[in-house]
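What the coordinates show
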Amino acid sequence: MKIDRVEAIHLRHEYPNQHGFESSGGITSARLTSLVLVHTDRGQIGVGSVYSHPALVDVVIRQLDPLLRGRDPREVEELWELMYGWTRWYGRKGAAMSALGGIDVALWDLRGQAADKPVWRLLGGTTPACPAYASALLWNSIEGLKSEAQRHLARGFRRMKMRLGRNLDYDVNAPRAVKREIGPRCDLMCDASMRYTVDIARRVGRELAQIGVFWFEEPFAPEDLDSFAALRGTVGLPLAAGENEFGLQGFTEVVHRQAVDIVQADASRCGGITEVLRVARLADQAALKLAPHSWSDAVAVLANAQVVAATPHALTVEVDQTGNPFIEELLVEPLRIVDGRLQLSERPGLGLELNRAVVDRLLLENPYQIPNGWYSDMLFGADWNKPAPPYEG
Ligand SMILES: [Mg+2]
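In short, a report on the structure. (Residues numbered from 1 in each chain as written. Predicted model: local features only at pLDDT ≥ 70, side-chain atom pairs only at ≥ 80, totals over all residues. Heavy atoms only, no water.)

1. Focus on the coordination of the magnesium ion
- Asp191 (OD), Glu217 (OE) and Glu243 (OE) make up the full set of protein donors to the magnesium ion, lying at 2.0 to 2.1 Å.
- Ordering the donors of the magnesium ion by residue number gives the pattern D-x25-E-x25-E. Here aspartate 191, found in strand β8 (residues 187-191), pairs with glutamate 243, found in the loop between β10 (239-241) and α9 (247-256); they are 52 residues apart in sequence, far enough to count as distant. (Donors = N, O, S within 2.8 Å, 3.2 Å for Na, K, Ca; no water. Helix = DSSP H or I, 4+ residues; strand = E, 2+ residues; numbered from the N terminus.)

2. Remarks on helix α2 (residues 76-87)
- Taking 1.5 Å per residue, twelve residues should reach 16 Å; α2 reaches 16 Å between its end C-alpha atoms and fits that length.
- Listed as buried for α2 are Val76, Leu79, Trp80, Met83, Tyr84 and Thr87. Taken end-on, α2 shows its buried residues confined to a sector of 140°, consistent with a single buried face. (Expected span 1.5 Å × (residues − 1). Buried < 20%, exposed > 50% of the residue type's maximum accessible area, 1.4 Å probe, protein only. Arc of directions from axis to C-beta.)

3. So, the pattern of salt bridges
- Throughout the structure, instances matching the rule amount to 24 salt bridges.
- Note that glutamate 207 is salt-bridged to arginine 176, the shortest N-O span being 3.1 Å. Of this pair, glutamate 207 sits in helix α7 (residues 198-211) while arginine 176 sits in helix α6 (residues 168-182), and the two are 31 residues apart along the sequence.
- Here glutamate 253 and arginine 257 are joined by a salt bridge, their closest N and O atoms 3.2 Å apart.
- Here glutamate 253 falls in the partly exposed class, since its relative accessible area comes to 39%.
- Salt bridges linked by common partners bring Lys161, Arg163, Glu217 and Glu318 together as one network. (Salt bridge = Lys/Arg side-chain N within 4 Å of Asp/Glu carboxyl O.)

4. Thoughts on the pairing of strand β6 (residues 129-135)
- Extensive coverage of β6 is indicated by the burial of six of its seven residues.
- Sheet topology places β6 next to strand β15 (residues 341-343); three bridges connect them, and they run antiparallel. Considered in β15, the bridge of cysteine 130 is made with leucine 342.
- Note: β6 against strand β7 (residues 159-163), two bridges, orientation parallel. Paired with serine 135 across the two strands is lysine 161, which belongs to β7. (Pairing = 2+ DSSP bridges.)

5. Let's talk about α6
- Between the first and last C-alpha of α6 there are 22 Å, a value that for 15 residues agrees with the 21 Å anticipated at 1.5 Å per step.
- Within α6 the residues assigned to the buried category are Leu168, Tyr170, Asp171, Val172, Ala174, Pro175, Ala177, Val178, Lys179 and Ile182.
- In this fold, the buried residues of α6 make contact with α5 (142-154), β7, β8 and α7.
- A side-chain oxygen of the first residue of α6 lies 3.2 Å from the backbone nitrogen of aspartate 169; this N-cap is asparagine 167.
- Just downstream of α6, glycine 183 is the residue with a positive phi angle, here 85°. (Contact = heavy atoms within 4.5 Å. Polar contact = N/O pair within 3.5 Å; in protein donor to acceptor, adjacent residues only side chain to side chain.)

6. What about unusual backbone geometry?
- A positive phi angle is found at alanine 287, which is not glycine, with a value near 60°.
- Exposure remark for alanine 287: the relative accessible area of 68% places this residue in the exposed category.
- For serine 376, which is not glycine, the phi dihedral falls at a positive 75°.
- Mapped onto the secondary structure, serine 376 falls in the loop between β16 (373-374) and β17 (379-380).

7. Details of the packing of aromatic side chains
- Under the criterion given, the structure shown has nine aromatic pairs.
- On the basis of an interplanar angle of 90° and a centroid distance of 5.4 Å, the ring pair of tyrosine 133 and tryptophan 215 is categorised as edge-to-face. Note that tyrosine 133 is positioned in strand β6 and tryptophan 215 in strand β9 (residues 215-217), a separation of 82 residues in sequence. Note on accessibility: tyrosine 133 and tryptophan 215 belong to one class, buried.
- Residue placement shows arginine 111 over the ring face of tryptophan 108; its charged tip is 4.6 Å from the ring centre.
- For the cation-ring pair, arginine 166 lies above tyrosine 170, with the distance from its terminal atom to the ring centre recorded as 4.8 Å. (Phe/Tyr/Trp six-rings, centres within 6.5 Å; stacked < 30°, edge-to-face > 60°. Lys NZ or Arg CZ within 6 Å of the ring centre and 35° of its normal.)

8. Regarding the environment of leucine 344
- Tracing the chain through its elements places leucine 344 in the loop between β15 and α13 (356-362).
- Distance from leucine 344 to arginine 206, taken between C-alpha atoms, is 37 Å for residues 138 residues apart in sequence.
- Setting aside residues up to four positions removed in sequence, leucine 344 forms contacts with Trp120, Pro128, Ala129, Leu302, Ala305, Gln306 and Ala309.

These results come straight from atomic positions and should not be treated as a statement about function.
Quick look at the structure:
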């Protein structure tokens, strides 16, 4: 089995009236994600995904494609090291690491197909399921949040995450209302979207601890490890971060600085399944938990879920529930949640099949010409630069 070619496919979804949901970054108008397909000389296709700037992903894939042709896709770790070396000069963190991680996920898919085993089983898992949580509950009225929480419960979720960072009154009262709505048997996580100072994080964190919140995510920017370390252990609530970190080296700094209790390495961001496994081992050695971030598409969710299903100290995987077609429509068999657990396939590899009609419908023809908008994490066009005003505590 040899690699024939590597292909990037970029997807774009625009919300009706360019109005998806509201958070600290403004009104999300549209979404982006990139898929990576590794084709073999025997006709197999491995699928991965990357969540980064599509044009940057495209140039990295274009560089790596000819270098990977003719190689055995089952030699995943060896190819990871080669790709890391080929991109090191401009890479190591950010888009290059995310792009090589997308290829890595596709290679794991092929390794599983070649072994006729699902990836979660190759990794030592024994059960085709893992805990999952609904990631949604963006800025809304209390009544709107409560009815949305009921929808997540009805869909099978027993954990969900909401966005804070709006104002002090909302950040304390909205979680209290949602937690009361879902009850003591269901978990609520809170994401502060990097909007706090240490003082505000302490005030909000103590309230959240009293409510019984499950974790407190990204109160500070990812570079501000001093603030994480200052807050950690002072509010009675586990701290989580990692969606903005890349590679084992990046996570090593986070762990050594004692910044968090839960690391949120994401296969579609931080360097693929291979790197999430390394971060998982690092976390285990430091007695920390793993809870992969995921905010792009169903392929990324399934890639992260393979690791969670096979890792005893992994808590749960994130599933975007904002009405994202990359989650809801991309796969022939959509993601299925039963009693709080994402169901995984017994089929080999990642066990997924892309819905080609949906891929065609959502195709972004030219990743170098992205229509202006706020894409939830990426900004294109000055007209869309409308973040919420600075946080007032
Ligand atoms: Mg987050």
